[in-house]
Amino acid sequence: MQPLIVTVAAVGAEVRPEQTPHLPVTPEQLGETAARCRAAGAALIHVHCRNDDGSNTADPARFAAAFAAIRARTDIIVQFTTGGAVGMTPQERAAPLAARPEMATLTCGSVNFGDDVFENTFPIMRGILAEMRRYEVVPELEIFDAGHLANARGLEREGLLRFPCHVDFVLGVPGGLEASARNLSYLVEGLPAGCTWSVAGIGRAQLAMALLAVAMGGHVRVGLEDNLYFSKGRLATNEELVARVARIAAEFGRPVATPDQARELLGLRPLTI
Ligand code: KMH
Ligand code: ZN
């Protein structure tokens, strides 16, 4: 099996700073978190940005500052969100791509998101992909629901996406596909040939989904975007969540991938600086 790529989704858009003292808010805090998570075994950081007061922002300057703060400290792969936060316009969501991160997410369809709708119509997806092409950013497909892989195949037929690529299954969002072994197997079986995949289980499902991925030959995403707790009632840090999955995977015979190994597995350019 391949070495295990551990992604840390360190911030997200939904967690409020008053829910945990461990949420990185400033670019400097994101840089420090990235370095600690890299040391714990993460090869990739999924980045959302916040203002100093903890509110969400899509300000390209804030994303560029976060990118610089991360890169100043570590060689970890930097992946920006283009999902942003519910309520942001597609243009706002795509604007940070101008900083040319190595990767960015593309959510492959609309989905209920709690009481809201996370809107990803075909025109929205086409627009975001056009900006990724413009800035030469490699997409990671985010699959929240059963029909999203079919949407991705549609974008591939239109010539807007190329397979194989990296696919992340986000399972357990209220309104999306539930986090279960059956649903994960179903999605993995439906992947286009040669795709790499990871799974992000929401809340309590984070560890169970990660362990399934370790056993099935996939990759994992952990972090505070998806889950605040290390165990019942005990808040986690991002690096603790990374370290736990790295430790278990090592015992299972899947050492974690370094960022350079992960770049090779994901078809990214080598890091030159
Ligand atoms: N915050 C969610 C509405 C992504 O980063 O690509 C969308 C999200 C997906 O987090
Ligand atoms: Zn995200």
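Refer to the structure presented above.
Residues numbered from 1 in each chain as written. Chains lettered and ligands numbered in written order. Predicted model: local features only at pLDDT ≥ 70, side-chain atom pairs only at ≥ 80, totals over all residues. Heavy atoms only, no water.

## What to know about the side chain of histidine 219
Relative to the helices and strands, histidine 219 resides in strand S12 (residues 219-222). Looking at histidine 219, its side chain comes within polar contact range of the main-chain nitrogen of isoleucine 5, at 2.9 Å. (Helix = DSSP H or I, 4+ residues; strand = E, 2+ residues; numbered from the N terminus. Polar contact = N/O pair within 3.5 Å; in protein donor to acceptor, adjacent residues only side chain to side chain.)

## Remarks on the site of ligand 1
Around ligand 1 lies a shell formed by Ala13, Glu14, His46, His48, Thr81, Gly83, Gly84, Val86, Thr105, Phe113, Phe118 and Glu225. The separation between an oxygen atom of ligand 1 and a polar side-chain atom of histidine 48 is 3.0 Å. With the chains in place, 98% of the 300 Å² that ligand 1 exposes on its own is no longer accessible. Judged by its atoms lying within 2 Å of the grid points, ligand 1 is housed in the second largest pocket. Per-class residue counts for the shell around ligand 1 are four nonpolar, six polar and two charged. (Near = heavy atom within 4 Å. Areas by Shrake-Rupley, 256 points an atom, 1.4 Å probe, with all protein chains shown as cover. 1 Å grid on protein atoms, 1.4 Å probe; cavity = no way out; pocket = protein on both sides within 12 Å on 5 of 7 lines; lining within 4 Å. Sits in = over half its atoms within 2 Å of the grid points. Nonpolar A, V, L, I, M, F, W, Y, C, P; charged D, E, K, R; others polar.)

## Thoughts on the sheet that holds strand S6 (residues 103-107)
Around the barrel, which closes on itself, the eight strands sit in the order S1-S2-S5-S6-S9-S10-S11-S12 with parallel pairing between neighbours. Each strand axis lies, on average, 25 degrees off the axis of its neighbour in the sheet, ignoring direction. Each of strand S2 (44-47) and strand S5 (77-80) touches helix H2 (residues 60-71); the most contacted strand, S5, lies at about 165 degrees to it. Contacts between helix H6 (residues 181-189) and the sheet are confined to strand S9 (138-143), strand S10 (166-171) and strand S11 (196-201), with S10 contributing the most and set at about 160 degrees to the helix. (Pairing = 2+ DSSP bridges. Axes fitted to C-alpha atoms, helices over the stretch in contact; angles between N-to-C directions. Contact = heavy atoms within 4.5 Å.)

## Concerning helix H8 (residues 238-252)
Over its 15 residues, H8 extends 22 Å from the first C-alpha to the last, a length consistent with the 21 Å expected when each residue adds 1.5 Å. The inward-facing, buried residues of H8 contact strand S1 (6-9), helix H1 (27-40), helix H7 (205-216), S12 and strand S13 (229-231). Within two residues after H8, glycine 253 carries a phi angle of roughly 95 degrees, on the positive side. (Expected span 1.5 Å × (residues − 1).)

## Observations regarding the layout of surface pockets
In this structure, the largest pocket occupies an estimated 940 Å³ of space. Surrounding the largest pocket, 33 residues form its lining, Glu102, Glu136, Val137, Val138 and Leu268 being those nearest its centre. When residues of the lining of the largest pocket are traced back to their parent elements, those giving at least two are H2, helix H4 (122-134), S9 and helix H9 (259-266). If you tally residues by element for the lining of the largest pocket, the top one is H4, at three residues. Residues belonging to the lining of the largest pocket are distributed by class as follows: 20 nonpolar, six polar and seven charged. If you go around the second largest pocket, you meet 29 residues; those closest to its centre are Glu14, Phe113, Ile202, Glu225 and Asp226. (Points joined across faces, edges and corners; volume = space filled by probe spheres on them.)

## Overview of the coordination of the zinc ion (ligand 2)
In an ideal tetrahedron of four donors about a metal, each angle is 109.5 degrees. In an ideal octahedron of six donors, the angles are 90 or 180 degrees. Listed as protein donors to the zinc ion (ligand 2) are His46 (NE2), His48 (NE2) and Glu225 (OE); their distances from the metal cover 2.1 Å. Look at where the donors of the zinc ion (ligand 2) fall in the sequence and you get H-x1-H-x176-E. Within this pair, whereas histidine 48 is found in the loop between S2 and strand S3 (49-50), its partner glutamate 225 is found in the loop between S12 and S13, the two being separated by 177 residues in sequence. Here histidine 48 matches glutamate 225 in class, with each residue buried. (Donors = N, O, S within 2.8 Å, 3.2 Å for Na, K, Ca; no water. Buried < 20%, exposed > 50% of the residue type's maximum accessible area, 1.4 Å probe, protein only.)

## Quick notes on empty space enclosed by the protein
Applying the stated criterion across every chain yields a total of two cavities of 30 Å³ or more. Where the lining of the largest cavity is concerned, the elements lending two or more residues are strand S4 (56-57) and helix H3 (90-94). For the lining of the largest cavity, a count of residues per class yields five nonpolar, five polar and two charged. Reported here for the second largest cavity is a volume of approximately 40 Å³. Forming the boundary of the second largest cavity are Gln206, Leu207, Ala210, Val222, Asn227, Leu241, Arg244 and Val245. Every element with two or more residues in the lining of the second largest cavity is listed here: H7 and H8.

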